[in-house]
Amino acid sequence: MAEAALWLASDASSFVTGQDIGVDGGISAGRPLTVAATERRLLAEAFSSLPT
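Residues numbered from 1 in each chain as written. Predicted model: local features only at pLDDT ≥ 70, side-chain atom pairs only at ≥ 80, totals over all residues. Heavy atoms only, no water.

Regarding its fold elements, the protein presents two helices and zero strands. In terms of its C-alpha atoms, the protein occupies a principal-axis envelope of roughly 40 × 25 × 15 Å. Counting all 52 residues of the protein, 4% fall into the buried class. Summing over all exposed atoms, the protein offers an accessible surface of approximately 4,400 Å²; the carbon and sulfur share of this is 61%. (Helix = DSSP H or I, 4+ residues; strand = E, 2+ residues; numbered from the N terminus. Buried < 20%, exposed > 50% of the residue type's maximum accessible area, 1.4 Å probe, protein only. Areas by Shrake-Rupley, 256 points an atom, 1.4 Å probe, with all protein chains shown as cover.)

Right under this line is the structure:
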């Protein structure tokens, strides 16, 4: 989260306007299968409990 905030505060993000930026560690892009099954299960449980 901190890295995204720093990037948004920098000149590098000056071209970004009116966007929602998902900071989820790549979950929405799909995690690689090399991530341990236990971690995938824990992440799935955590994200399924979020309000939509």
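Quick look at a nonpolar patch on the surface now. A cluster of nonpolar residues, Met1, Trp7, Leu8, Phe15, Ile21 and Val23, forms a patch on the protein surface that exposes about 650 Å² of accessible area. Following the sequence through the fold, Trp7 ends up in helix α1 (residues 2-9). (Patch = residues over 30% accessible without salt bridge, like charges linked within 9 Å, V, L, I, M, F, W, Y side chains within 5 Å. Salt bridge = Lys/Arg side-chain N within 4 Å of Asp/Glu carboxyl O.)

By the secondary structure assignment, Ser28 is in the loop between α1 and α2 (37-48). The exposure class of Ser28 is exposed, given its relative accessible area of 65%. Here the alpha-carbon distance between Ser28 and Glu45, two residues 17 residues apart in the chain, equals 14 Å.

As a further point, take the packing of aromatic side chains. One pass over the full model with this rule turns up one aromatic pair. An angle of 75 degrees between the planes, with centres 6.3 Å apart, marks the rings of Trp7 and Phe15 as edge-to-face. A relative accessible area of 33% places Trp7 in the partly exposed class. (Phe/Tyr/Trp six-rings, centres within 6.5 Å; stacked < 30°, edge-to-face > 60°.)

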